[in-house]
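Working through the structure, step by step
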Amino acid sequence: MRLSRDVRPPALLLPVVLTHTLLALLLLPAPSDAWRPWPHLKPNASDTLGDSKKYEGSSEFVKLKYHMGPVLTANITVHTIWYGAWPKAHKKVIREFISSMSATDVKRPSVAGWWRTVQMYTDQTGENISRAVRLGEEKNDRFYSHGKSLTRLSVQSVIKSAVTARTKPLPINPKSGLYLVLTSADVYVQDFCNNVCGFHYFTFPSIVGYTLPYAWVGNSAKLCPGVCAYPFAVPDYIPGLKPLRAPNGDAGVDGMVSVIGHEVAELATNPLANAWYAGQDPSFPVEIADLCEGIYGTGGGGSYTGQMLEDGDGATYNMKGIRRKFLVQWVWNHVVSYCTGPNALDQ
């Protein structure tokens, strides 16, 4: 997922021993990148599919299609790799968000209600994406085994280290496992903050040994909160714009939650880059969360986030988890052909 089609991964310089990996990269689509809303964009600007990924509900320009690839219909298990130094409190926020996707006893508007839109997507047999999303095994890489500056390929190496570890390796589950690499605030990943706050793809057997759907999301608190934690932080070039209060008290982590939702929704509907997406170029797919980037409530579009909710402490949110509240962007509903969320005023 990208802010513009001009964002490309830099050329990869690999030794001869990785020639086959390089060939695979040249033949396969690029990973999808998650970007964040830019508040300086004009509201209600005329956007087309080739120029932008912001839509306000009109289906005129959106041609989301199913390309016959698999989606995650089996019960989804999220295996998390905590890369770097992670406070326990931050882990709890993210764990609860993931667990809330399948929670059935939460009052509306709920995270589970948001996930129900993702569930509506099907494979070629008509089977829906799984309702069940649960936390799986976790791996802590607190000693930065691959350094504090990662390339896109070295993110896959982090996954390899986790699934091949001598002690308590992560289980290998290509059909229903989803591998989530979360980097702490002191780690830089290739293209991070350059309009990219996360991406998803699948691992290369030449690196990891298996084809596994995975996503990376970074904590932007130190590097670029105004880019990746908006609206809980604002860019320096916009004087006078006040950030909103984060529902869980941390702009970096609360910003990550929405990007994690973005990536998990797109991994479920397009895990191998050949299922649900819009556009003619599979190397730069426009996916179900791209179409609604920056929209958190009714009326959202352009630079307006839409109508959101505010709790008694003044924090902004749009859906409830098991115990916490979250602000998560909406996703595209292909049945009605517009962005939807559990806090929509017409639901």
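The structure under discussion appears in the preceding block.
Residues numbered from 1 in each chain as written. Predicted model: local features only at pLDDT ≥ 70, side-chain atom pairs only at ≥ 80, totals over all residues. Heavy atoms only, no water.

**Re a nonpolar patch on the surface**
Together, Met 120, Val 335, Val 336 and Tyr 338 make up an exposed nonpolar region whose accessible area comes to about 310 Å². Its relative accessible area of 31% is what places Tyr 338 among the partly exposed residues. (Patch = residues over 30% accessible without salt bridge, like charges linked within 9 Å, V, L, I, M, F, W, Y side chains within 5 Å. Areas by Shrake-Rupley, 256 points an atom, 1.4 Å probe, with all protein chains shown as cover. Salt bridge = Lys/Arg side-chain N within 4 Å of Asp/Glu carboxyl O. Buried < 20%, exposed > 50% of the residue type's maximum accessible area, 1.4 Å probe, protein only.)

**What about the pairing of strand β8 (residues 198-202)?**
Most of β8 sits out of view: 5 of its 5 residues are buried. Where β8 lies against strand β9 (residues 213-218), 5 bridges are found, and the strand directions are antiparallel. Residue pairing for β9: His 200 is matched across the bridge by Ala 215. (Helix = DSSP H or I, 4+ residues; strand = E, 2+ residues; numbered from the N terminus. Pairing = 2+ DSSP bridges.)

**Considering the state of the cysteines**
This model, assessed by the stated rule, comprises 3 disulfides. Residue Cys 193 pairs covalently with Cys 224 via a disulfide, S to S 2.0 Å. Handedness here is read from the sign of the S-S torsion; for Cys 193 and Cys 224, about -75°, the answer is left-handed. Residue Cys 193 is found in the loop between β7 (188-189) and β8, and its partner Cys 224 is found in the loop between β9 and α5 (225-228); the two are separated by 31 residues along the sequence. Owing to a relative accessible area of 22%, Cys 193 belongs among the partly exposed residues under this scheme. Exposure remark for Cys 224: the relative accessible area of 8% places this residue in the buried category. The residue that forms a disulfide with Cys 197 is Cys 228, at a sulfur-sulfur distance of 2.0 Å. Given an S-S torsion of about -85°, the disulfide between Cys 197 and Cys 228 has left-handed geometry. (Disulfide = S-S within 2.5 Å.)

**Topic: the packing of helix α3 (residues 111-119) against helix α6 (residues 251-269)**
Interhelical geometry of α3 versus α6 gives an angle of 30° and a closest axis separation of 10 Å. In terms of orientation, α3 lies roughly parallel with respect to α6. The way α3 lies across α6 gives a crossing that is right-handed. Facing Trp 114, Trp 115 and Val 118 of α3, the residues of α6 in contact are Gly 261, Val 264, Ala 265, Ala 268 and Thr 269. Residues of the contact of α3 with α6, tallied by class, amount to 6 nonpolar, 2 polar and no charged. (Axes fitted to C-alpha atoms, helices over the stretch in contact; angles between N-to-C directions. Parallel < 35°, antiparallel > 145°, perpendicular 65-115°, else oblique. Left-handed = near helix turned anticlockwise from the far one by under 90°. Contact = heavy atoms within 4.5 Å. Nonpolar A, V, L, I, M, F, W, Y, C, P; charged D, E, K, R; others polar.)

**Observations regarding the pattern of salt bridges**
In this structure the tally under the stated criterion is 5 salt bridges. As a salt-bridge pair, Arg 95 and Glu 138 come within 2.8 Å of each other at their nearest N and O atoms. Of this pair, Arg 95 sits in helix α2 (residues 88-100) while Glu 138 sits in strand β4 (residues 133-141), and the two are 43 residues apart along the sequence. The class for Arg 95 is partly exposed, based on a relative accessible area of 28%. Where Glu 96 meets Arg 324, a salt bridge forms, and the shortest distance between an N and an O atom there is 3.4 Å. Residue Glu 96 is found in helix α2, and its partner Arg 324 is found in the loop between β13 (319-320) and β14 (325-326); the two are separated by 228 residues along the sequence. Taking the relative accessible area as the measure of exposure, Glu 96 reaches 6% and is therefore buried. Here the salt bridges share partners, and the residues they tie into one network are Glu 96, Arg 323 and Arg 324.

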